[in-house]
Amino acid sequence: MTRRDRIRTWGLGVWAGLTLLYLFIPVFIVVLFSFNDNKGRFNFTWQGFTLRHWNHPFADSDLAQALQNSVSIAVISTLIAVTLGTFMAMALVRYGFRGRSATDMFVFLPLATPEVVLGAALLALFLTLNVNTGFVTIVIAHVMFTISYVVVTIRARLEGMDRHIEEAAMDLGANEWTTFRKVTLPLIAPGVASAALLAAAISIDDYVITSFNAGQTQTFPLYIFGATRQGVPAEVNVLATILLIVVLGLMAVNVAIQRARSRREMRIAGVEPADIGRELAEATARG
Amino acid sequence: MLRLSLKRRRALLPYLYLAPGLAWLILFFLIPLANQANVSLQTGNPETGYSFAWHFATYTDAISEYHTQFLRSLLYAGIATVLCLIMAFPLAYFIAYKAGRYKNLLLLLVVLPFFVSYVLRTVSWQLILADDGWVADTLRSVGLLSSDGRLLATTPAVIAGITYNFLPFMALPLYVSLEKIDRRLLEAATDLYASRATAFRKVTLPLAIPGIFAGSLLTFIPASGDFINAALLGTPNQHMIGNVIQSKFLNILDYPTAAALSFLLMSMILIGIFLYARVLGARNLMESAG
Amino acid sequence: MTDPSVERALERLFLEGGVSRRRFLGRAGSAGLAAAGLSSVLAACGGVKGESANAPKGTPKPAAVNHPKTAIGQLTFSNWPLYIDKKVIKDFDKQYGGTTKYLEDINDNYEFFGKVRQQLTRGESIDRDIVTLTDFMAARWVRNGYVEPIDKKNVPNARNLVANLKSINYDPQRTYTLPWQSGGTGIGYNRKKTGRKIESVNDLFDPAFKGRVTMLQEPYDSACLVLCGMGIDPSTAKIDDILKAIDKIDQAKSSGQIRRFTGNDYATDLSKGNVWLAVAYSGDLVQLQADNPDLEFVFPKEGSMLFTDNMMMPKGVAHPYAAETMMNYVYEPEVAAKIAAYVNYITPVDGVQEVLAKTDPKLARNPLIFPDDAVRSRLKSYPALSPADERTMQDAMAKVTGG
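Residues numbered from 1 in each chain as written. Chains lettered and ligands numbered in written order. Predicted model: local features only at pLDDT ≥ 70, side-chain atom pairs only at ≥ 80, totals over all residues.

### Comments concerning the overall build of chain C
Phase 1: In terms of helices and strands, chain C carries 18 helices and 12 strands.
Phase 2: Across chain C, the fraction of contacts at a sequence separation of at least 24, relative to all contacts at a separation of at least 6, is 78%. (Helix = DSSP H or I, 4+ residues; strand = E, 2+ residues; numbered from the N terminus. Contact = placed C-beta atoms within 7 Å.)

Rendered as structure tokens:
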């Protein structure tokens, strides 16, 4: 690896690091202020360090329930949206059919519709259908507006993707479903994972559409928006921090499992992990 | 299903793939939207009721009265999208090519700030960018900010807020598109061309176009309808069309105008997408692929 | 107005066609709601009957209200977040054997109304027994017949209501509403930054504070406060006066005097010193002062607004007796004291100051929570505007605030 390459890689790394830092600055503040020894109900002025908010973060059962609802809704709606959206993306990219361009444009529309109109219009539909608003309607709403994100993201993966491998698989006798499962899916996995992350993030943070369609169910963003009138309690910061830690922890576990699994597979194949590691490092340095 | 010939099955496949998602969107999006289209052409008020009247004047009035906010929204969203692209591209590139097994972790980190509620994130920025705060003081001492200038309640604050909140929507599609580029292609390009810059321009960039397209749309479209950044970080001179729609709908209870404004915004965006796709030579993205 | 022949035809259809009215109209039930049912059908076709058409004719007079005693089972109480000491709910449940569902789902008057509006206009139940809404929104609900009258026999503690709130312009006999908490809309300011005491509404327009002033977006608060400064009593003001006030605000905005218009988010600006004067709520300043002693609140000498969040029972309430028992419970001075100690707004219940003097004397002396009589006499309520005037006001203010 040439020196210029090293500098380039280093520069890229610094930029990436700075951008991530930029993304996280407010998060650091939120975490920091969970330790703020505030006297009043507002949490803007640093008064000193305390652990008291961390003693009973789940004391307010309504707040805890709101967080739980948000997480459940995010998981469920992401699963549904990613499934529906992946298939839609495949149809739109790989097949020519009547009404394709129209459907293409149609998929962008939910993104373009202002949330207040979307939320209220959906509520009107539920009322006309006599459906009680609550957990289920929130999930329905979240799936509805995250499908577009999923489709657009996975399309970026599918576009121009080499289909030869899949065609080869089918020539060898695999049916569509097996081909999809064993060939296509692994190939688009990064797109699916990214789409899932996006959908989950949008769902867990949504306010306007949720507020119209939540009925009597409380979600984390709804609670926080409402709490701003009286001052968001530091326990909210605590819960947000806990959520971050849990999610990061799950991801760390995932990374560790993947690493252990790949090591095991390589050992079974009779390859030394160290060699692969070095080869990969050189390859990425070159790439 | 199995009894159908292979050819028949293949022909049905796209519709099968499309059906569930499309059904969901038609039921929970298109029908409510159609109802709103209906509302936009109604006249009336909450006391005397509304009636359908083909009242297109609502649309023309809306344009003449709020064209400033429309243009402003498109402008802010456009600038934010460009800024997002500049910031997110190197990040996405790094994750795609240099991050190795930590790819997924870094992707998660990009999205993780969303798990901390919007309100908390924006309040944090208000604290950081306070007039007497550390950031403002530093900028003043360096001369980038006038002595009585401020960071909050300004246009840059609103655009910065939009950029910040939509960065992941640009980064992730970019990553998705970059990651799939075959590394050997890049190697070959480096061998062929004199400099890596040329290789980047001639190989990487064109292959990343789907990602740039997707990321730009996922950023620009929702950003143009955003209202919360302008509300919290701006003055009335920064208010966007989203703010107008919000107040028309909730406070003034002028549902026809709110609906009309929404449709006008959507039309502008659709036209914009169409033009953008052309510019990127991505028309082939819309029509049948090879 | 509903065409009676159409209404009769619909009734015949229901009786003969085997379609139960209940199923067709959803949760509707009473006689006047065939009209609402018709309007829901029309809504789907593109025309909606207005609110006044749906207001039930012959709203029962207070004396005729009778909510017989029932078991206190489940009671659904919708309120603003952090507006009660949750222990009070637990104590209520223990004392009366109830299972109260306390929802903190009111974040904003307009948003909440936007959420339940369609059910209200169709005469359907909104599945809540008590909602707590600010005066101007409560006025709208009362005006449109969205609320049930209170059976005063079940709320004897209502006699503890403070004198200045016993009557209000939109509900002169408190037939439908009972105050929950009050607050003042005045001026919060940073004593150190302003360099002097602030006493007048017109200090907001002092050029020395250019660019350091924020006002509330809500015209009921901002425009009416400015009216006080112009020497006009907001509670009896007409729309023309209000528009003059909004004009004055507009000029201040154009000249750069007003930095921006806020919802509840003025607190960060004030706290950090970005803003030196803010049209603010008294309860917020009680909290902000704890962390930043430079901050003060003033009820301006020309007058300021007293807003009240009111408990009301929506039309078609399922558990009126339980709701009234809850209302009665929170009007016991000891209970009201617990709430006041937690919420730190102005309690509408007499006798709370004495109770708190024993347990928390500092709180009992706080002039923002227990303003003295001189201040109280200067507090004005919101004007009772007709719907059209209200919309004119909101429209005019929206043009100024950019929304």
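### As for the packing of helix α14 (residues 333–343) of chain C against helix α15 (residues 352–359) of chain C
Residues and elements named next belong to chain C.
Phase 1: At their nearest, the axes of α14 and α15 sit 9 Å apart, and the two run at 65 degrees to each other. Considering the angle they form, α14 stands roughly perpendicular to α15. When you trace α14 past α15, the crossing you get is right-handed. The residues of α15 that touch α14, namely those facing Pro333, Glu334, Ala336, Ala337, Ala340 and Ala341, are Val352, Val355 and Leu356.
Phase 2: The residue makeup of the contact of α14 with α15, split by class, is eight nonpolar, no polar and one charged. (Axes fitted to C-alpha atoms, helices over the stretch in contact; angles between N-to-C directions. Parallel < 35°, antiparallel > 145°, perpendicular 65-115°, else oblique. Left-handed = near helix turned anticlockwise from the far one by under 90°. Nonpolar A, V, L, I, M, F, W, Y, C, P; charged D, E, K, R; others polar.)

### A short note on the interface of chain A and chain C
Phase 1: The interface is formed by 28 residues belonging to chain A together with 29 residues belonging to chain C.
Phase 2: Broken down by secondary-structure element, the contributors of at least two residues to the side of chain A that touches chain C are α4 (115–128), α8 (208–213) and α9 (220–227) of chain A.
Phase 3: Tallied by class, the residues present in the side of chain A that touches chain C amount to 11 nonpolar, 13 polar and four charged.

### As for the packing of helix α5 (residues 135–158) of chain A against helix α6 (residues 155–179) of chain B
For any two helices packed against each other, the geometry is given by the interaxial angle and the distance between the axes.
Phase 1: Following both chains from N to C, one finds α5(A) and α6(B) inclined at 20 degrees, their axes separated by 7 Å at the closest point. It follows from the interaxial angle that α5(A) and α6(B) lie roughly parallel. Considering how the two elements wind past one another, α5(A) and α6(B) form a crossing that is right-handed. Residues Val152(A), Thr153(A), Ala156(A) and Arg157(A) of α5(A) form the contact with α6(B), whose participating residues are Leu172(B), Pro173(B), Val176(B) and Ser177(B).

### Here's the deal with the interface of chain B and chain A
Phase 1: Opposite the 84 residues of chain B that make contact, chain A presents 89 residues.
Phase 2: With 16 residues, helix α1 (residues 6–40) of chain B is the single largest residue contributor to the side of chain B that touches chain A.

### A few points about helix α10 (residues 234–268) of chain A
Phase 1: Counted at 1.5 Å a residue, the expected span for α10(A) with its 35 residues is 51 Å, and the 51 Å between its end C-alpha atoms agrees.
Phase 2: Every buried residue of α10(A) is listed here: Ala234(A), Glu235(A), Val236(A), Asn237(A), Val238(A), Leu239(A), Ala240(A) and Thr241(A).
Phase 3: Contacts from the buried residues of α10(A) go to α1 (3–33), α2 (61–94) and α9 of chain A together with α4 (118–128) of chain B. (Expected span 1.5 Å × (residues − 1). Buried ≥ 20, exposed ≤ 12 C-beta atoms within 10 Å, placed from the backbone.)

### Some thoughts on unusual backbone geometry
Phase 1: Residue Trp54(B) is not a glycine yet carries a positive backbone phi of 50 degrees.
Phase 2: Tracing the chain through its elements places Trp54(B) in the loop between β2 (49–52) and α2 (57–98).
Phase 3: We note that Asn344(C) has phi near 65 degrees; this positive angle belongs to a residue other than glycine.
Phase 4: By the secondary structure assignment, Asn344(C) is in the loop between α14 and α15.
Phase 5: The class of Asn344(C) is buried, set by 24 C-beta atoms lying within 10 Å.

### Comments concerning the environment of Leu145(B)
Phase 1: Relative to the helices and strands, Leu145(B) resides in the loop between α5 (134–142) and α6.
Phase 2: If sequence neighbours within four positions are ignored, Leu145(B) has contacts with Ala136(B), Leu139(B) and Arg140(B).

### Side note on α4(A)
Phase 1: Its 14 residues give α4(A) an end-to-end C-alpha distance of 20 Å, which sits within 8% of 20 Å, the value for a rise of 1.5 Å per residue.
Phase 2: The element α4(A) is largely enclosed, with a buried count of 12 among its 14 residues.
Phase 3: Listed as buried for α4(A) are Glu115(A), Val116(A), Val117(A), Leu118(A), Gly119(A), Ala120(A), Ala121(A), Leu122(A), Leu123(A), Ala124(A), Leu125(A) and Phe126(A).
Phase 4: Buried positions along α4(A) lie against α5 and α8 of chain A, α1, α10 (241–250) and α11 (255–279) of chain B together with α6 (109–121) of chain C.
Phase 5: A positive phi of about 65 degrees marks Asn130(A), the residue just after α4(A).

### A word on the environment of Tyr83(C)
Residue and element names in this part refer to chain C.
Phase 1: Of note, tyrosine 83 is situated in the loop between β2 (74–78) and α5 (86–96).
Phase 2: Taking the number of C-beta atoms within 10 Å as the measure of exposure, tyrosine 83 has 21 and is therefore buried.
Phase 3: With 97 residues separating them along the chain, tyrosine 83 and tryptophan 180 place their C-alpha atoms 9.4 Å apart.

### What about the pairing of β2(B)?
Residue and element names in this part refer to chain B.
Phase 1: By the bridge criterion, four bridges tie strand β1 (residues 42–45) to β2 in an arrangement that is antiparallel. Considered in β2, the bridge of glutamine 42 is made with phenylalanine 52.
Phase 2: Taken together, β1 and the strand that follows it, β2, pair antiparallel across an intervening segment of three residues. (Pairing = 2+ DSSP bridges.)

### Focus: the pairing of strand β8 (residues 258–262) of chain C
All names here are of chain C.
Phase 1: In terms of burial, β8 is a largely internal element, five of the five residues being buried.
Phase 2: Bridge count for strand β7 (residues 213–216) against β8 is four bridges, and the pairing is parallel. In the sheet register, methionine 215 faces β8, and the bridge partner there is phenylalanine 261.

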